[in-house]
Amino acid sequence: RTWVEVSRSQIAENFRNVRQAVGPGVEVLAVVKAGAYGHGAVEVSRIVAASGARWLAVSDAEEGVLLRKAGIGTRILVMAEGLCFEREALLEHQLTPVVHDLEDLAELERFAASRNARAPYHLKLDSGMGRLGTRTGGPEILEAIGRCRHAELEGLMTHFASSADYSSSQTAEQIAAFQRVVEELGAAGVRPRWVHMSSTNPVAYGRREAFGNMVRVGHALYGYVSPAKGDAPKRTLDVQPALSWRARVLAIKDLPAGALVGYGGAYRTERPTKIAVVAAGYADGVPRHLSDRGSAF
Ligand SMILES: *Cc1c(COP(=O)(O)O)cnc(C)c1O
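The rules behind these values
- Residues numbered from 1 in each chain as written.
- Predicted model: local features only at pLDDT ≥ 70, side-chain atom pairs only at ≥ 80, totals over all residues.
- Heavy atoms only, no water.
- Patch = residues over 30% accessible without salt bridge, like charges linked within 9 Å, V, L, I, M, F, W, Y side chains within 5 Å.
- Areas by Shrake-Rupley, 256 points an atom, 1.4 Å probe, with all protein chains shown as cover.
- Salt bridge = Lys/Arg side-chain N within 4 Å of Asp/Glu carboxyl O.
- Helix = DSSP H or I, 4+ residues; strand = E, 2+ residues; numbered from the N terminus.
- Buried < 20%, exposed > 50% of the residue type's maximum accessible area, 1.4 Å probe, protein only.
- Near = heavy atom within 4 Å.
- Polar contact = N/O pair within 3.5 Å; in protein donor to acceptor, adjacent residues only side chain to side chain.
- Nonpolar A, V, L, I, M, F, W, Y, C, P; charged D, E, K, R; others polar.
- Pairing = 2+ DSSP bridges.
- Core = buried A, V, L, I, M, F, W, Y, C linked by side-chain atoms within 4.5 Å.
- Contact = heavy atoms within 4.5 Å.
- Axes fitted to C-alpha atoms, helices over the stretch in contact; angles between N-to-C directions.
- Parallel < 35°, antiparallel > 145°, perpendicular 65-115°, else oblique.
- Left-handed = near helix turned anticlockwise from the far one by under 90°.
- Arc of directions from axis to C-beta.

1. Looking at a nonpolar patch on the surface
There is a patch of nonpolar side chains on the surface, built from Val4, Val6, Leu243 and Trp245 and spanning about 320 Å² of accessible area. Of all the elements in the fold, those that place two or more residues in the nonpolar patch are β1 (2–6) and β10 (243–247). Take Val4: it is sitting in strand β1. Taking relative accessible area as the criterion, Val4 reaches 46% and is therefore assigned partly exposed.

Quick look at the structure:
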């Protein structure tokens, strides 16, 4: 009685539009964590891979293994791994971990050495968001990298806290903090293949200085861009929602003026009104906060 429909062609078009917005010099990594934001990780991965995506990102190894088992052959970045029992799966399924601190890096090196395997990884810097990522500076990072023979630094990344907020200087400060470390490493001859900072919002508002040579795009793929705050430039990215939630109409009836409708009598008809009762409720995920507020076609 109630179901969602996801448009494959709309997801493909959103991916194409993101690629066009960043241009040919910037790789677009498609974020398909959390079941592709509810759209279906395997399906979405197939669509974007068929549209040319070479990189996907998931949260943990389990999500990555699921994609491998479905035959997805692109590179897969595991962004929020941290449980040591998942290391085995990372190597076995050729998933690329994000390393969040230098102790983890030493662990990854020990593990890869014990298997005599090479383990490419992306190092995440906490440039000011205060969540995952190392806060150490260039010299300590260089020392830790220098101790590795099997773990190979393939990417450097960070994540923004306020990327759609143009009334805040936080993004500019984060870019500067990140670039400082990139330059410290570069001065020592360490230049990872991929340097990436941006998720959807910097792409949507064209903040090119935050692109590096890769962007990690999540909600834009599904058709959404966060509304900007402050003095934002014009949005340059055109994407449309790919998911519709549908439900059957169970009954249509006429109520007189002044009749109450729904729990708590939340709505009172102002005039004789035709009412449609739709087969979707709280158990299906309709937020209770939408009582007397939401709308549907
Ligand atoms: C979820 C996530 C993204 C994608 O974010 P969107 O705002 O949905 O584009 C990018 N990078 C990291 C580290 C994430 O966790």
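Now that the structure is up, let's keep going.
2. As for the site of the ligand
Around the ligand, the neighbouring residues are Val31, Lys33, Tyr37, Met79, Lys124, His159, Ser199, Thr200, Arg216, Val217, Gly218 and His219. Contact between the ligand and Lys33: an oxygen atom at 2.8 Å from a side-chain N or O atom of the residue. Contact between the ligand and Tyr37: an oxygen atom at 2.6 Å from a side-chain N or O atom of the residue. The set of elements that each furnish at least two residues to the shell around the ligand consists of α2 (33–37) and β9 (214–217). In terms of residue class, the shell around the ligand is made up of 4 nonpolar, 5 polar and 3 charged.

3. A few points about the pairing of strand β2 (residues 27–31)
Most of β2 is tucked away: 5 of the 5 residues are buried. Covered by surrounding structure in β2 are Glu27, Leu29 and Val31 together with Val28 and Ala30, the residues of both alternating faces. Across 4 bridges, β2 lies against β9 in parallel orientation. Within the sheet, the bridge partner assigned to Val28 lies in β9 and is Val215. Sheet analysis places β2 next to strand β3 (residues 55–58), joined by 2 bridges and oriented parallel.

4. Some details on the environment of Val42
By the element assignment, Val42 lies in helix α3 (residues 41–50). Using a relative accessible area of 22% as the deciding quantity, one classes Val42 as partly exposed. For the pair Val42 and Ala70, spaced 28 residues apart in the sequence, the C-alpha separation amounts to 6.8 Å.

5. Here's the deal with the nonpolar core
Counting 39 residues, the largest nonpolar core has Val32, Val48, Leu67, Val203, Val215, Val217 and Leu237 as the members making the most contacts within it. Here this core gets 5 residues from one element, more than from any other, and that element is helix α1 (residues 8–22). Look past the residues within four positions of Val215 in its chain and what remains in contact with it is Val22, Val26, Glu27, Val28, Leu29, Ser198 and Val203. Of all hydrophobic cores here, the second largest spans 26 residues; its members include Val99, Leu108, Ala144 and Leu153.

6. Points about unusual backbone geometry
Positive phi is not limited to glycine here, since Ala36 has a value of about 50 degrees. On the secondary structure map, Ala36 appears in helix α2. Judged by relative accessible area, Ala36 falls into the buried class, the value being 0%. Positioned with a positive phi, Asp292 is a non-glycine residue whose angle comes to about 65 degrees. Note that Asp292 resides in the segment after β14 (273–278). With relative accessibility at 49%, the residue Asp292 sits in the partly exposed group.

7. Examining the packing of helix α7 (residues 138–146) against helix α8 (residues 170–187)
The geometry of α7 relative to α8 is characterised by a closest axis approach of 9 Å and an angle of 50 degrees between their N-to-C directions. The pairing of α7 with α8 is recorded here as oblique in orientation. Viewed along their axes, α7 and α8 form a crossing whose handedness is right-handed. Counted together, Gly138, Pro139, Ile141, Leu142 and Ile145 of α7 and Val181, Glu184 and Leu185 of α8 form the full contact between these two elements. Across the contact of α7 with α8, the residue classes tally to 6 nonpolar, 1 polar and 1 charged.

8. Examining the side chain of Asp126
Residue position: Asp126 is located in the loop between β6 (119–124) and α7. Among the polar contacts made by the side chain of Asp126, one reaches the main-chain amide nitrogen of Met129 at a distance of 3.1 Å. A polar contact of 2.7 Å, which involves the side chain of Asp126, links it to the side chain of Arg135. Excluding residues within four positions of it along the chain, Asp126 makes contact with Arg131, Leu132, Gly133, Thr134, Arg135 and Thr158.

9. Structural notes on α3
Within α3, burial applies to Ala41, Val44, Ser45, Ile47 and Val48. Along the long axis of α3, the arc covered by the buried residues comes to 165 degrees, so they all point the same way. Buried residues along α3 sit in contact with α1, β2, α2, β3 and α4 (61–69). Phi for Gly52, located one or two positions after α3, is positive at around 110 degrees.

Shape is all these values report; function is a separate question.
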